[in-house]
Every structure is written in structure tokens, then in C-alpha cells.
Amino acid sequence: MTSKSFEFNASNLEAWQKAAVKSAPGGDVNALNWKTPDGIVVKPLYTAEDTANLPYANTLPGFEPFLRGPQATMYAVRPWTIRQYAGFSTAEESNAFYRKALAAGGQGVSVAFDLATHRGYDSDHPRVEGDVGKAGVAIDSVEDMKILFNEIPLDKVSVSMTMNGAVLPVLAGYVVAAEEQGVSQDKLSGTIQNDILKEFMVRNTYIYPPEPSMKIIGDIIEYTAKNMPKFNSISISGYHMQEAGANQALEMAFTLADGKEYVKTAIAKGMDVDDFAGRLSFFWAVGMNFYLEIAKMRAARLLWCRIMKGFDAKNPKSLMLRTHSQTSGWSLTEQDPYNNVVRTTIEAMAAVFGGTQSLHTNSLDEAIALPTEFSSRIARNTQLIIQEETHITNVIDPWAGSYMMESLTQEMADKAWAIIEEVEAMGGMTKAVDSGWAKLKIEAAAAEKQARIDSGKDVIVGVNKYKLAKEDPVDSLSIDNVKVRDGQIERLKHIRATRDSAKVQAALDALTASAESGQGNLLDLSIQAVRLRATVGEVSDALEKVFGRHRADTQKVTGVYAAAYDDGENVGDTMEYWNQLKADIAAFADAQGRRPRVMISKLGQDGHDRGAKVVATAFADLGFDVDMGPLFQTPEECARQAIENDVHAVGVSTLAAGHKTLVPAIIAELKKQGADDIIVFVGGVIPRQDYDMLYEAGVKGIYGPGTPIPVSAKDVLEHIKKAVG
């Protein structure tokens, strides 16, 4: 049997369009198009026409512009590194987890620090009472760091540390711990995140203002280039941008623009670009937009090569973007949580198809609490199964040549490049961050996404569609914060009692003097101080004397959430509910002579403010008066502001497991200050087994992940009505 070969031409495409019209909604083929959150129109059909004029569709992996991967053979020779990002309360417990994970197939250690450490406070500081050991491991000194890496050979195991604010004492502690293990600096491999510009936009675990923070980054790049040639001095992170609400194009553009700024900073110190650029690495979030995530990673390599050529980099290693990836934490749901195994698997596949160099897969229970050993094993095995059972690793960039993927890669590159040019017109990313513009762009995207979910336009299985009638409880990990803090305080007392205090003070004074003069390398001086047993808090304080501590503004976007309800696409129950709630709030204002007033607050050192900002935006769009408390408030400060602002209610956003300590504390403070008529409600990551305890403490409403904001707003309004009589 013979067959005539098919040849694509315009008449064939016209025939397809006629066939498609018969089944397309309303007979309109364009109705099949998908408009991404980035504003890119994805068609249902791509043909050779779409790739005919693309300049990079036929390039090869390992060669400029590295679109198909930074290495020529990619996973066919060496699969990506399997990492497990974790930190559990104490250094002892975290060490036991790392060793078990390495024995079970993990190939590197990724350290999650608690928020007290991130913000440069020792565990005995009064501002961190509810944060010690809750969302990661507590590290106060090199003694903690030595326990953390006990029996983990640091000359053989690469270590990734997510640290930005207290980056100097933490990196110094790692270096000194390795030295005392017998491993010299030149043998250390791994990555320190050290990406402070991102912190000012989204994650907020900064300490110092932008300008001195950039000085710290320059010193770290300089020191590691000279002394730690195998160690990546910075991991330029888009992950937290996407987790905070950025779409894929914003995440890519802002991350690459951050990278460009860090290169400028290092060059300004007199360094040659090829002396350090090969040790820069990146860190992407990988969410549920499967095609976009693959295209993003391919496009990012293309654009980074273009950016580095602009700095006249010659070494091919300076031109290639290498990346770690992590599956999305935000996409995980509290409702029907075993669906999260599927979500994480799909996201892991996208990361692998996009060409990541290492990967962390999130655990199914992370929307509920810290991951258990059971859920962590499933997450790790997800990667092992992809590596060992699927044969995906046998083919380099299997999406190459796809009409759709090559077109989408170019469109993603063009969209991100336009944003990068906008940033450059402002004077670079430091100025874009300083102005608040970048942060507001991300917050607007977050509010729009949440509104699309709450209104039912975007489906989340088990949350706003196909919901279970009854949720079965899931075991979760709980940390005894008081016990951890007490143990850390005892260790701090011992260190301070047994060290040479005069030498420690002299080393700290040298740090302060360097910060004042601009002379000397701050990482070098931090290592000297940490060798003498200076603590994380003491090193941070020595610099704070000169640099000060950064305070973020609390501006919020308006109108973006409401737009998803007012654009005419909503029909049925969600639109009716929205309009009725707005009418109820207006009626309250008429009856009381003022609108219902709420204060949205973040207590402790948890800087993840996506939820708080989105709730504030949505409540304001509904007609509430909304005050935003500053980040990092103590319960006493929060109560005082709530009373001064004469609010009806305080809403506490909590994502870092501090709710059992901090929420009862704010209720007690309101009562102590004579304002127990102010109601308290809580939203965020709160295990179900903690609900009764919070209600008994006096909380009026608890709204976990996936709760539609209009539903929580209506409940808050009803509680306020009862309170005012």
C-alpha cells in the first residue's frame, strides 16, 4: 500500500478551519483560543507556519543561546539533582532528616531556616517569641551549624541555603562549620540564595535597606569568586515572585532584571564579568500552567545569554543560565489534599521538560502544616520515579521542534523582554523596587488570580469544583515552639559564657567599622567573627548600627479584584453573591454612620504577605474600610494600632505556623488594653486540629486556604454586626 505524502499549505489550513467551526462554541474558531495570565494568546492549533521565521528554533543544547539546555547531553548523561528543601525546628532534627533523605536517594541538602534566623535575630530576642523553629531550623551560631551538618561530608554533598537577610552570618557559619569538619573553602559546593532585591518585592525577609544590601551581595560575589570556586554565590530567585502572585512573564522578567543588577554591582567592584558570572544561578517556581512553565525556562536561557553578551562576557559558562526549580507551594490545596500529589507530579514534569539542573518537589500537606516524613517521602519518590521509570531522561529537550512550544517560547521571551526594557527605562531593578512599582505589579496579578478562582473562572479541583462533601483529616507535623526556643536559649547562654568576649567584640567592631567606611570585605570579616563564636544576631546588629533596618510601606492595589466580577463574564451565583454582599456592606454603613473597618495584620517575622494584600484589596473593593498593619508587628503593637484606628475587627494572616502563640497573644493584648470588643479573625495555613484551640482563645472566624474571599468577608461582616449590636 502506498500513501501520498501530506504537504502543509494554506488551503489545508482553511479546510481545518471549516471543520473546526462545526464544533467550536458559537461557530467561532477564535473561541478556542486561550489567553494566558501573561496576555499571550495560545491557539488550539499550531502549524509549520508558526515556526517558519523563528530565529532559534533549530539551535542545539549546550550551545548559544542555550534555549534547549545549558549542557550538550543534559539528562542523557546526568539527570538533575534531587533536592529536599527542609528545616525542622532544631539542628539535631534537621540533620536526622537530611541524612535519611540522602540515604533514600536525595542528592543534595537544601536548608530552610526559621524566620528568626532569616531576620537576623537570635532565638532569645523578644520579637521572635512565636517564630523560633516554626517554619525552618533555628540557627544562632556556628555550633548549631556544626550539628546541622554532622556526619554529612561537606566536600562531597552540595548544600543549598535559602538565606537573604542574614546571609553574612549564615554563610560564615557554614564556612566555619566546614573548616572545623576538615573541609577547606575551595572544596565547598552548593548555593546561597543571596537575592535581596526579590525580598523587597515579595518575601520580605530583608534586614537592611536596598543600597547596603547590594554592597553585601557584591562582597559575597567577590569573596566566593576568590576563595570558593565551586560555590554559587547567588541564586537569583523568581520562585517567591510567582508564589506571591506574579505570572510567568513577570516572574521571568523581574528575575532576569535582578540578575542584570547583580552583575552591574559586581562589575562596579572592579571584577571582570567572566571571573564570577559562571557561578550565578537561578531559581524558578513551577506551577500548574504546564506549557507556560516549559516555555518560560527555555525563554529565560535565551534572554540571559542576550543579557550577558551585553556585558561583553566571553566565557560560554558566563552566558548559560543554570537553574534550580521548585514545584509550587501556592498551588497546593488544604481541601482534598491528596490531589496535591498529582499537582506536584505535573509541575515536576514541567520543570524537567524545561531543563532544570536541580529540583525540589513539595509535599502534599504543605497547605496544612509543615510536611511530615510520610509526605516528604512521596515528594522525593516523585522525582525518583520520573528519573528511574519513565525514560524521560533519555531524550534531550523532547519539546524541541514543537510548533506550539517553539512559538510559545518566543512569545514568552518577547513578553518578558518588553518588561525588562520597561525596568531599564526606570534606571534598573533597584529603582523599580525602591519605587514600589514592581511590588504593585505582582500584587495586582495576585489579586486578579484570586478573583478568577473565587468567581469560578479558574477551576481548582476540590476547591471551587468537584468538592468533597466531607473532608477526611490528614496527619500533620506540629512543632513545640516553646521547647525549641528554650533549648536554643540555653545553647546561646553556654556559647556566651565560654567564648573570649573581648575578641568577639573586637571582631564585631571591625564589622561596624567596615560598614561605616566601605573598606574591607564584609563576608571575610563575618567569617572571622563567627570563628570566635559571634552569633547570628550579633553580626546582624553590628551592621544594623550603620545600615539601619528597612521598613516597608503598606500600600495596596485597588479595583483589580472587583474587576474580575465587574467585567461582564460572571453569571449566576458568584455575581449575585458579590452584589448582595456589597449591598449589605453599604446598608451597614448607612445604619452605623461609617463603613465596617478592618485591620489586616502580619504578626511575628512572617513576611509572606500575598494573602494579606489580596484580602485587603478584595475587602476594600467590597466596601470595607481597610487598614494594613506594617510587617513584623508584635501583638502589643498590633493591638495598639487597632485601637488607635478604631477598627471593628483585626484579621491575622498566618503562613509560618506561629498562630498558636501569636493569635492568642493579640486577643489577650486587646483585652489588656480595654478593647475586647474588637473581633479577631484568622486566615492562612492552619491545621484543622488547631481550630478548636483558636476558637477557645476567642477567634471569631478561621478561613483556611481555598476559602473564597467573599465568603470570609460575609462572615466577618456578620460578626461585626453582632459586636456592634
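Figured I'd write up the structure that's included with this text. (Residues numbered from 1 in each chain as written. Predicted model: local features only at pLDDT ≥ 70, side-chain atom pairs only at ≥ 80, totals over all residues. Heavy atoms only, no water.)

Further remarks concern the side chain of H648. Along the chain, the position of H648 falls in the loop between α26 (635-644) and β14 (649-654). Judged by its relative accessible area of 10%, H648 is buried. Among residues more than four places away in sequence, those in contact with H648 are F588, R594, R595, P596, R597, D677, I678, I679, I720 and V724. (Helix = DSSP H or I, 4+ residues; strand = E, 2+ residues; numbered from the N terminus. Buried < 20%, exposed > 50% of the residue type's maximum accessible area, 1.4 Å probe, protein only. Contact = heavy atoms within 4.5 Å.)

Attention now moves to the sheet that holds β14. Taken in spatial order, the five strands line up as β13-β12-β14-β15-β16 in an open sheet, and their pairing is parallel. Every interior strand has two partners, whereas the edge strands, β13 (625-628) and β16 (701-703), have only one. Within this sheet the neighbouring strands show an average axis-to-axis angle of 20 degrees, counted without direction. Pairing analysis gives four bridges linking strand β12 (residues 597-601) to β14, with the strands arranged parallel. Bridged to I600 within β14 is G651. (Pairing = 2+ DSSP bridges. Axes fitted to C-alpha atoms, helices over the stretch in contact; angles between N-to-C directions.)

Let us look at the packing of aromatic side chains. Under the defined criterion, the tally for this structure stands at 19 aromatic pairs. Between F149 and Y174, the aromatic rings sit 5.8 Å apart at their centres with planes inclined by 70 degrees, giving edge-to-face as the arrangement. Within this pair, whereas F149 is found in the loop between α5 (142-148) and β5 (159-162), its partner Y174 is found in helix α6 (residues 167-181), the two being separated by 25 residues in sequence. On the basis of relative accessible area, F149 is assigned to the buried category, the value being 1%. Judged by its relative accessible area of 0%, Y174 falls in the buried class. Ring-pair connections join several aromatic residues into one group, and the members of that group are F290, Y291, F353 and W399. (Phe/Tyr/Trp six-rings, centres within 6.5 Å; stacked < 30°, edge-to-face > 60°.)

The next thing to look at is a nonpolar patch on the surface. Together, M288, V342 and I346 make up an exposed nonpolar region whose accessible area comes to about 240 Å². With respect to the helices, strands and loops of the structure, V342 is situated in helix α14 (residues 339-354). (Patch = residues over 30% accessible without salt bridge, like charges linked within 9 Å, V, L, I, M, F, W, Y side chains within 5 Å. Areas by Shrake-Rupley, 256 points an atom, 1.4 Å probe, with all protein chains shown as cover. Salt bridge = Lys/Arg side-chain N within 4 Å of Asp/Glu carboxyl O.)

What follows deals with the environment of S363. Structurally, S363 is set in the loop between β11 (358-360) and α15 (373-389). Residues S363 and D715, spaced 352 residues apart in sequence, show a C-alpha to C-alpha distance of 31 Å. Ignoring sequence-local partners within four residues, the contact set of S363 consists of L332, P371, S375, S376 and A379.

Omega for the bond connecting E64 with P65 falls within 30 degrees of zero, at 5 degrees, which places this linkage in the cis form. As for its placement among the helices and strands, P65 is situated in the loop between α2 (48-51) and β3 (81-86). Phi at D397 is positive, roughly 45 degrees, even though this residue is not glycine. Counting through the fold element by element, D397 comes out in the loop between α15 and α16 (403-425).

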